[in-house]
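Below, each chain spelled out in residue letters.
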Amino acid sequence: IYMVLIFAFLYLPIIVLIALSFNDSRSKVKWGGFTLRWYTGCFQDEKIMTAFVTTLQVTFLSAIISTLIGTLAALGIAAMKKRHQTIYLGATNIPLLNADIVTGIALMLWFSRFTNLGYVSILLAHITFNIPYVILSILPKLQQMDMSVYEAARDLGANSVTAFVRVILPMIFPSVMSGFFMALTMSMDDFVVTYFTKGAGINTLSTMIYGELKRGIKPEMYALSTLIFVVVLVILLLANYVPRIHQSRIKKAAVQ
């Protein structure tokens, strides 16, 4: 009963949102019949589409860049001595434990000092808070690995790059993908940091929705929010099942 109540508390608002996206009436309490016009309307609204495209660009670019940097950082931390690992892991955990508003204001002050707030500042901010998630997704797998495999590859004539691509990367690939999907989800979902670093004249979906609260949310936003929920759900499913599929393929290849 407790678990049912918890999940109901979490997901009933989302179910209501999805239902409203198909409601032909603009009322939140009166059902006006089934319709898809809010879905077609959201793709015809230039303001919504501009914010949607900006959100996708920032999300995917920040996830890709932070995954690359985070993978290299995890490799570096894994190669350190225990004392240095503790120091760098502590520094990695600070952005995760820090309040989003503190991170947002700090990045706003930093970017305002050296550049104008806008698209670039949003992208750099998203990369900044995504990197720790990637590091902490990959590092445990690296610490579990037997590094003698890498050393054996070097002894057999492979250079460091080839040994990494052929030996290390396939072994940590599920963790890399988990870090990528985590960065993707966190970046698409962020509001506070984006709000403080976006500057004037540029919006993501989260900041645009916040700006419309004073005038009332348009039903088109219910439809777009439903689509985003479905996309995030698919991403999370992939994040959970892609590593399993990859591991099963490795086991099958080893058996053959």
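Analysis parameters
Residues numbered from 1 in each chain as written. Predicted model: local features only at pLDDT ≥ 70, side-chain atom pairs only at ≥ 80, totals over all residues. Heavy atoms only, no water. Helix = DSSP H or I, 4+ residues; strand = E, 2+ residues; numbered from the N terminus. Buried < 20%, exposed > 50% of the residue type's maximum accessible area, 1.4 Å probe, protein only. Contact = heavy atoms within 4.5 Å. Areas by Shrake-Rupley, 256 points an atom, 1.4 Å probe, with all protein chains shown as cover. Axes fitted to C-alpha atoms, helices over the stretch in contact; angles between N-to-C directions. Parallel < 35°, antiparallel > 145°, perpendicular 65-115°, else oblique. Left-handed = near helix turned anticlockwise from the far one by under 90°. Phe/Tyr/Trp six-rings, centres within 6.5 Å; stacked < 30°, edge-to-face > 60°. Core = buried A, V, L, I, M, F, W, Y, C linked by side-chain atoms within 4.5 Å. 1 Å grid on protein atoms, 1.4 Å probe; cavity = no way out; pocket = protein on both sides within 12 Å on 5 of 7 lines; lining within 4 Å. Points joined across faces, edges and corners; volume = space filled by probe spheres on them. Nonpolar A, V, L, I, M, F, W, Y, C, P; charged D, E, K, R; others polar.

Asker: Describe in detail the overall build of the protein, supporting the description with residues and values.
Answerer: Summing up its helical and strand segments, the protein has 11 helices and 0 strands in all. Start at the N end of the protein and walk to the C end: the helices and strands fall as α-α-α-α-α-α-α-α-α-α-α. Its C-alpha atoms give the protein principal-axis dimensions of about 70 × 50 × 40 Å. The buried share of the protein, taken over its 256 residues, is 35%. Within the protein, contacts between residues separated by at least 24 positions form 71% of all contacts whose residues are at least 6 apart in sequence. About 15500 Å² of surface is accessible on the protein, with carbon and sulfur atoms providing 68% of the total.

Asker: Please provide a residue-by-residue account of the environment of Y133, values included.
Answerer: Position of Y133 relative to the elements: it lies in helix α6 (residues 119-144). For the pair Y133 and M182, spaced 49 residues apart in sequence, the C-alpha to C-alpha distance is 6.9 Å. Setting aside its immediate chain neighbours within four residues, Y133 contacts L96, M182 and M186.

Asker: Pulling in residues and values, what's your account of the environment of Y195?
Answerer: Mapped onto the secondary structure, Y195 falls in helix α9 (residues 192-197). Residue class for Y195 comes out partly exposed when judged on its relative accessible area of 37%. It is 12 Å that separates the C-alpha atoms of Y195 and V102, two residues lying 93 residues apart in sequence. Once residues lying within four places of it in the same chain are set aside, the contact partners of Y195 are T207 and Y210.

Asker: Give me the packing of helix α3 (residues 46-78) against α6: which residues, what numbers.
Answerer: Packing of α3 against α6 brings their axes to within 6 Å, and their N-to-C directions diverge by 40 degrees. For the element pair α3 / α6, the angle class is oblique. Relative to α6, the crossing made by α3 is right-handed.

Asker: Got a sec to walk through the packing of aromatic side chains? Specific residues and values, please.
Answerer: Under the counting rule described, the total for this entry stands at 7 aromatic pairs. Ring plane angle 85 degrees and centroid distance 5.6 Å describe the contact between Y195 and F196, whose orientation is recorded as edge-to-face. Among the aromatic residues, those joined into a ring-pair cluster are F22, F34 and Y39.

Asker: Hey, could you go over the nonpolar core for me, with residue numbers and the actual values?
Answerer: Membership of the largest hydrophobic core comes to 25 residues, with the highest contact counts inside it found for I138, L142, I168, I172, F180, F181 and L184. Of all the secondary structure elements, the ones that give two or more residues to this core are α3, α6 and α8 (160-189). Residues I48, M49, M208 and M221 belong to the second largest nonpolar core, which totals 7 residues.

Asker: How would you summarise empty space enclosed by the protein if you had to cite specific residues and measurements?
Answerer: Evaluated as defined, the whole model comprises 1 cavity of 30 Å³ or more. In this model, the largest cavity occupies a volume close to 50 Å³. Every residue lining the largest cavity is listed: T55, V58, T59, H126, S187, M188, D190, T204, L205 and S206. Looking at the lining of the largest cavity, the elements that each hand over two or more residues are α3, α8 and α10 (205-212). Considering each element in turn, the lining of the largest cavity owes the most residues, 3 residues, to α3. Of the residues contributing to the lining of the largest cavity, the split by class is 3 nonpolar, 6 polar and 1 charged.

Asker: Give a description of the layout of surface pockets that names residues and reports values.
Answerer: The rolling of a water-molecule-sized probe over the atoms marks out the regions of remaining empty space. The volume enclosed by the largest pocket comes to roughly 480 Å³. Forming the boundary of the largest pocket are 16 residues, of which M188, D189, S225, I228 and V232 lie nearest the centre. Elements that contribute at least two residues to the lining of the largest pocket include exactly α8, α10 and α11 (219-255). Among the elements that line the lining of the largest pocket, the one with the most residues is α11, at 6 residues. Grouping the amino acids of the lining of the largest pocket by side-chain chemistry returns 10 nonpolar, 4 polar and 2 charged. Here the second largest pocket defines a volume of roughly 230 Å³. Contributing to the lining of the second largest pocket are L75, A78, A79, Q85, L142, Q143, M147, Y150, S160, F164 and I168.

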